[in-house]
Amino acid sequence: MYFQLDLSGTFYETGAQSGGLLSSLNDTPRFRHDELYTAVTRLAGKNKVETVLVNCELDFDAGMLSGALSIRDQLQRLRDSGKTLIFYARQYGMSELIIASVCQQRVIHPLGSIIHVGMSRTFRFFKNLMDKHDIRAEVIRIGRYKAAGDSFRVSSIDEHNRKQFQAIMDAVVRENEAIIAQGYGKKPDEVAALRDGKIVYARHAVEQGWASREGSLDDLIAEFREAKNKPLKRLKPSMKAGKGTKVAVLVFEGGIKDGHNENSQLSGQMIGSSDYVPVIRSLVKDKSVKAVVFRVNSGGGSAIASEDIARELSRLKAKKPVVVSMGAVAGSGGYWISTQAEKIFAERTSVTGSIGVINIHFNLAEFLASHGITHSTVKTGDFADFASSFRDLTETERKLLMDYIMDLYGMFRQRVSDITGLSVEKVHELGEGHVFAGVDAKEVGLVHELGGLNEVLDWVKGELSAKSLSVQFLPHRKKSLMSRLLGGGGGKSSPYAEIPTLPADPRRMAAEIERVNKEFWAVMPGFLGFGGEIGGGA
């Protein structure tokens, strides 16, 4: 018997945590790590299933490549359980090579090819556009590397931001190529050579050992049919797996905000502290859960909401072991909420750090005036319209904001110092918004261990002296009746709706800008801007 595992859609840790009817109408598929983990756990225990066919669809997107590593780690569990893994893809890129490297057989379409071009990231800057339309933005920040507001502050990437992201991408590519080389039994230089503008066609891929043979998905299924090897029907998605000591994997995926979950035009999916804190409190009360793995995939957001979540996690830690597992991104506010744990694990290619806080103030007065919209303000004191989007900040207001940011930054540094054992002064040296790849964060002391979800759960198992674990993923967002009837966002891998890009609404945009002016942001570069995304692309 065999099982066909389809890799389709964009890699996410879990299902959408916000969105209503619009999300249901959007049919973009989402490949979920939580569902993969539970499916693998069940498949590993099915002795009748001898072979797993991993079919990589053209629409599969591993995000910032940590997704490919997470999938590879889960497939390794299947291989360790005695399953034969067959990988199939029409085209092989870096993500496909990473996943294929753990499989015993690799099949490529006869007209397919291998194209490994490395990584790139394009940053968008709006300053020239804003200048053209008389929109002003003032960014108040601490540190050379805190570039979250640079989309509005400058018109191109500065030296410090370029340097840190070049270092991250070099580290990510180096780590991934080492994994590919190990799985394929090749030298890292042989993998790196693929980046030299080469296209390896299917027949040459087989000759050079990158693929076992040529073939199509239909060919593979026909071979199974001819051998009377029947398929196992699709496994029903589940948020639970395994038997034994109960452990919760609490996923945080998205930006961080006060209030309730929402889809933001500025930053995509935002997780509200008002919705998330009750989930943490439920784990404090649940005596059946013996430990919590806090799985983080977040580029940050509101500093205040980050602290609210961190405080609640501190109360949880007082009741039972809490360990952090960093996904693709856990920086700035994503790092802040990671500081209340026994230990921090990061993937070798996680993006983390970015210790710092900023404030952005937008002035729309001249822009609105150029469109015939004027304003008058009546107020009871000089500061009554503080953070208004209809005027610039005064020197007194700038000083007040900087003093507040310094206070938040001091609190952030202390949080980091407490969990890492580094001095506050050393944290400042590593701070100023500096972003690190996981492997480098381990070297400088910002994370304790390197490893994915499997390694974290193994650590928890040892800490609890447990023979086996029952793993439950949270939070679990139930779909509305309308969402179930519409079946939106299902794709091949998930019953959840994807996050839509909402249409521009001037009133909503104005309200968001007012909110931005009044907020203090612990957020990473690229995660505060129009069309910003969590989980990025390579």
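Residues numbered from 1 in each chain as written. Predicted model: local features only at pLDDT ≥ 70, side-chain atom pairs only at ≥ 80, totals over all residues. Heavy atoms only, no water.

## Describing the overall build of the protein
Operational definition: Only DSSP runs of H or I with at least four residues qualify as helices, and only runs of E with at least two residues qualify as strands; both kinds are numbered from the N terminus onward. Each residue's exposure class comes from its accessible area (1.4 Å probe, protein chains only) as a fraction of the maximum for that residue type: buried when under 20%, exposed when over 50%, partly exposed otherwise. In this description, contact between two residues means that some pair of their heavy atoms is separated by no more than 4.5 Å. Each accessible area value is a Shrake-Rupley result obtained with a 1.4 Å probe; residue values ignore everything except the protein chains displayed when judging cover.
Regarding its fold elements, the protein presents 20 helices and 24 strands. For the protein, with 538 residues in total, the buried portion stands at 57%. Long-range contacts, defined here as pairs at least 24 residues apart, represent 77% of the contacts in the protein between residues at least 6 apart. Of the roughly 22900 Å² of accessible surface on the protein, 51% is carried by carbon and sulfur atoms.

## A few points about the packing of helix H2 (residues 33–44) against helix H3 (residues 66–80)
Two measures define how a pair of helices packs: the angle their axes make with one another and the distance between the axes. The cut-off we apply is this: Axis definition: a line fit to C-alpha positions, over the contact stretch in the case of helices; interaxial angles, taken between N-to-C directions, run 0 to 180 degrees. We call two directions roughly parallel when the angle between them is under 35 degrees, roughly antiparallel when it is over 145, roughly perpendicular when it lies between 65 and 115, and oblique otherwise. Following the grouping adopted for this structure description, the nonpolar residues are Ala, Val, Leu, Ile, Met, Phe, Trp, Tyr, Cys and Pro, the charged ones are Asp, Glu, Lys and Arg, and the polar ones are all others, Gly among them.
In the contact formed by H2 and H3, the axes pass within 9 Å of each other and the chain directions differ by 10°. If you check the angle between H2 and H3, you find them roughly parallel. The residues of H3 that touch H2, namely those facing His33, Leu36, Tyr37, Val40, Thr41, Leu43 and Ala44, are Ser70, Ile71, Gln74, Arg77 and Leu78. Across the contact of H2 with H3, the residue classes tally to 7 nonpolar, 4 polar and 1 charged.

## A look at the pattern of salt bridges
Threshold: A side-chain nitrogen of Lys or Arg and a carboxyl oxygen of Asp or Glu constitute a salt bridge if their distance falls within 4 Å.
Tallied over the entire structure, the rule returns 27 salt bridges. A salt bridge links glutamate 432 to arginine 144, with the shortest nitrogen-to-oxygen separation between them at 3.1 Å. Taken together, the positions of glutamate 432 in the loop between helix H16 (424–430) and strand E21 (435–437) and arginine 144 in the loop between strand E7 (136–141) and helix H6 (150–153) put the pair 288 residues apart, joining distant regions of the chain. The class of glutamate 432 is buried, set by a relative accessible area of 15%.

## Some words on a nonpolar patch on the surface
Rules: Patches draw on residues past 30% relative accessible area with no salt bridge. Two like charges within 9 Å are joined, as are two nonpolar side chains (Val, Leu, Ile, Met, Phe, Trp, Tyr) within 5 Å.
Together, Ile115, Val117, Ile199 and Tyr201 make up a nonpolar patch on the protein surface, roughly 390 Å² of accessible area in all. For isoleucine 115, the position within the fold is in the loop between strand E6 (105–114) and helix H5 (127–132).

## Regarding helix H12 (residues 303–317)
Selection rule: By definition here, a helix of n residues has an expected span of 1.5 Å times n minus one. Any N or O atom pair separated by 3.5 Å or less is treated as a polar contact, with the protein-specific requirement of one donor-capable and one acceptor-capable atom, and with residues adjacent in sequence counted only for side-chain atom pairs.
Between the first and last C-alpha of H12 there are 21 Å, a value that for 15 residues agrees with the 21 Å anticipated at 1.5 Å per step. Capping the start of H12 is the job of one residue whose side-chain oxygen sits 3.3 Å from the backbone nitrogen of isoleucine 304: serine 302.

## Some points on helix H7 (residues 159–184)
Given a rise of 1.5 Å per residue, 26 residues ought to cover 38 Å, and the 37 Å separating the end C-alpha atoms of H7 matches this to within 8%. A distance of 3.3 Å separates the backbone nitrogen of histidine 160 from a side-chain oxygen at the start of H7, and that oxygen is part of aspartate 158. Positive phi shows up at glycine 185, right after H7, with a value of about 70°.

## With respect to the pairing of strand E17 (residues 322–331)
This is how it is decided: What makes two strands pair is DSSP finding at least two bridges between them.
In terms of burial, E17 is largely enclosed, as 10 of its 10 residues are buried. Relative to strand E18 (residues 343–346), E17 runs parallel, the two being bridged by 4 bridges. Residue valine 324 lies in a different strand from E18, and its bridge partner there is isoleucine 344. The pairing of E17 with strand E19 (residues 351–353) spans 3 bridges and is parallel. Paired with glycine 331 across the strands is glycine 353, a residue of E19.

## So, the packing of aromatic side chains
Here the distance between the centres and the angle between the planes together describe a pair of aromatic rings. Put simply, the test is: What counts as a ring pair is set by centres within 6.5 Å for rings of Phe, Tyr and Trp (its six-membered ring), and what kind of pair is set by the plane angle: stacked under 30 degrees, edge-to-face over 60, tilted for all other angles. Should the NZ of a Lys or the CZ of an Arg lie within 6 Å of a ring centre and within 35 degrees of the ring normal, that charge is described as sitting over the ring.
All chains considered together, the criterion is met by 12 aromatic pairs. Between phenylalanine 252 and tyrosine 276 the ring centres are 4.8 Å apart and the planes differ by 70°, which places this aromatic pair in the edge-to-face class. Of the two residues, phenylalanine 252 sits in strand E11 (residues 245–253) while tyrosine 276 sits in helix H11 (residues 273–285), which places them 24 residues apart along the sequence. The pair phenylalanine 252 / tyrosine 276 is uniform in exposure class, with both members buried. Its guanidinium or amino end placed over the ring of tyrosine 184, arginine 106 lies 4.0 Å from that ring's centre, counting from NZ or CZ. The lysine or arginine in question, lysine 186, covers the ring of tryptophan 210, its NZ or CZ lying 4.7 Å from the ring centre.

## Looking at the pairing of strand E23 (residues 469–474)
Among the 6 residues in E23, 6 count as buried, and that is most of the element. Going residue by residue along E23, you find Leu469, Val471 and Phe473 tucked away on one face and Ser470, Gln472 and Leu474 tucked away on the opposite face as well. Looking at chain direction, strand E10 (residues 240–241) and E23 are connected through 2 bridges and run antiparallel. Looking at E23, one finds that lysine 240 is bridged to glutamine 472. As paired elements, E11 and E23 share 6 bridges and run parallel to each other. Each bridged residue has a counterpart across the sheet, and for valine 247 the counterpart in E23 is valine 471.

## A few points about the packing of H11 against H12
Direction vectors running N to C along H11 and H12 enclose 5°, while the axes themselves pass 9 Å from each other. Considering their axes alone, H11 and H12 lie roughly parallel with respect to each other. Contacts from Ser273, Tyr276, Val277, Ile280, Arg281, Leu283 and Val284 of H11 reach H12 at Ala305, Asp308, Ile309, Glu312, Leu313, Arg315 and Leu316. Tallied by class, residues from the contact of H11 with H12 come to 9 nonpolar, 1 polar and 4 charged.

Purely geometric stuff here, so don't read any function into it on its own.
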